[in-house]
Amino acid sequence: GENVEQHPSTLSVQEGDSAVIKCTYSDSASNYFPWYKQELGKRPQLIIDIRSNVGEKKDQRIAVTLNKTAKHFSLHITETQPEDSAVYFCAASKSSASKIIFGSGTRLSIRP
Amino acid sequence: NAGVTQTPKFQVLKTGQSMTLQCAQDMNHNSMYWYRQDPGMGLRLIYYSASEGTTDKGEVPNGYNVSRLNKREFSLRLESAAPSQTSVYFCASSLSGDTQYFGPGTRLTVL
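Rules of the game
Residues numbered from 1 in each chain as written. Chains lettered and ligands numbered in written order. Predicted model: local features only at pLDDT ≥ 70, side-chain atom pairs only at ≥ 80, totals over all residues. Heavy atoms only, no water. Helix = DSSP H or I, 4+ residues; strand = E, 2+ residues; numbered from the N terminus. Buried < 20%, exposed > 50% of the residue type's maximum accessible area, 1.4 Å probe, protein only. Contact = heavy atoms within 4.5 Å. Areas by Shrake-Rupley, 256 points an atom, 1.4 Å probe, with all protein chains shown as cover. Lys, Arg positive; Asp, Glu negative; His and termini not counted. Charge placed at Lys NZ, Arg CZ, Asp CG, Glu CD. Buried area = accessible area lost by both parts, 1.4 Å probe. Salt bridge = Lys/Arg side-chain N within 4 Å of Asp/Glu carboxyl O. Polar contact = N/O pair within 3.5 Å; in protein donor to acceptor, adjacent residues only side chain to side chain. Pairing = 2+ DSSP bridges. Axes fitted to C-alpha atoms, helices over the stretch in contact; angles between N-to-C directions. 1 Å grid on protein atoms, 1.4 Å probe; cavity = no way out; pocket = protein on both sides within 12 Å on 5 of 7 lines; lining within 4 Å. Points joined across faces, edges and corners; volume = space filled by probe spheres on them. Nonpolar A, V, L, I, M, F, W, Y, C, P; charged D, E, K, R; others polar.

A. Region of the structure containing the overall build of chain B. Secondary structure assignment for chain B yields 0 helices and 11 strands. Mapped in sequence order, the helices and strands of chain B form the string β-β-β-β-β-β-β-β-β-β-β. With the C-alpha coordinates aligned to their principal axes, the bounding extent of chain B is approximately 35 × 25 × 20 Å. Buried residues in chain B amount to 49% of all 111 residues. Excluding contacts between residues fewer than 6 apart, the proportion of contacts in chain B whose partners are at least 24 apart in sequence is 55%. Surface accessibility of chain B: about 5100 Å² in total, with carbon and sulfur atoms responsible for 49%. Between the averaged position of the 10 positive side-chain charges in chain B and that of its 8 negative side-chain charges there is a distance of 7 Å.

Structural data, given as structure tokens:
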């Protein structure tokens, strides 16, 4: 079945710097790749997603890139702020499936 | 719209007790899911329901049962709670298996 690996498991960056989180997936049929942010004690919430017919998508300070050939996708956060501190999960799914597969999560800390 | 709601928010059980976690969504979604999240860990799928009338096992189904009561509601039952089931339980729903919307979670402690 599908497997999603996420790296790093923890990441600490200086406020204002950029953060990059990477994921790889195993099923070449996967075509939908969402990213979720989970603040401490809260529910996971979708922050951005990308479909396989697109290579890059941006939304203000966050962007996601997809390399279908290499089967990996990445989350980029620029100009990091304290409120970006959270756990981030990547995920992958395919049209024929009824569930998505989550990565193991990255705990991002922003140093003041 | 309330989105995805869960009850209760908190629960403490003794080993061997049973309980049912309730989940409801008002987004007319077809698919619903139950996850557990242990402290500092990721999301593990317990059971899911791709559509009304169907349920399937996820990654960690042992010790749990589910019921898709109707399109809106999906309940999770612990028949005989064990300390290993202490966790935060999230319900989620999606229209067609892609974007999932999560409920606020239920914090369960089994003593």
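B. Summary view of the interface of chain B and chain A. Residue-level contacts link 21 residues of chain B with 19 residues of chain A. Three residues, Leu43, Asp98 and Phe102 of chain B, lead the burial of chain B against chain A; their summed loss comes to 29% of the area buried on that side. Our count for the contact surface shared by chain B and chain A stands at 1 salt bridge. Of the charged contacts in the structure, one is a salt bridge between Asp98 of chain B and Arg51 of chain A, with a shortest N-O distance of 3.2 Å. Summed over the shared surface of chain B and chain A, the number is 6 residue pairs in polar contact (both at pLDDT 80 or more). Mapped onto the side of chain B that touches chain A, the elements with two or more residues apiece are strand 4 (31-37) and strand 5 (44-49) of chain B. With 3 residues, the top contributor of residues to the side of chain B that touches chain A is strand 4 of chain B.

C. Molecular detail of the sheet that holds strand 3 (residues 19-25) of chain A. Residue and element names in this part refer to chain A. Pairing is antiparallel across the open sheet formed by 5 strands, whose spatial order is 1-3-8-7-6. What marks the edges here is a single partner per strand, and that holds for strand 1 (4-7) and strand 6 (56-59). For this sheet, the mean angle separating the axes of adjacent strands, direction not counted, is 15 degrees. Bridge count between strand 1 and strand 3: 4 bridges; the pairing is antiparallel. Following the sheet pairing, Glu5 is matched in strand 3 by Thr24.

D. Spatial organisation of the layout of surface pockets. Looking at the largest pocket, its volume works out to about 490 Å³. Considering the residues around the largest pocket, the lining is formed by 28 residues, among which Gln38, Leu40 and Arg107 of chain A together with Gln37 and Gly40 of chain B are closest to the centre. Among the elements of the structure, strand 9 (86-92) and strand 11 (106-111) of chain A together with strand 9 (87-94) and strand 11 (106-110) of chain B are those that each provide at least two residues to the lining of the largest pocket. Residue composition of the lining of the largest pocket, by class: 9 nonpolar, 14 polar and 5 charged. Estimated volume of the second largest pocket: approximately 340 Å³. Of the residues that constitute the lining of the second largest pocket, the class distribution is 8 nonpolar, 5 polar and 5 charged.

E. Focus on unusual backbone geometry. Residues and elements named next belong to chain A. With an omega of -5 degrees, the peptide bond running from His7 to Pro8 counts as cis. In this structure, Pro8 sits in the loop between strand 1 and strand 2 (10-14). The phi dihedral of Gln60 falls on the positive side, at around 60 degrees, and the residue is not glycine. Among the structural elements, Gln60 can be located in the loop between strand 6 and strand 7 (62-67). The phi dihedral of Lys71 is positive, around 60 degrees, even though this residue is not glycine. Here Lys71 shows up in the loop between strand 7 and strand 8 (72-77).

Nothing here speaks to function; it is all geometry.
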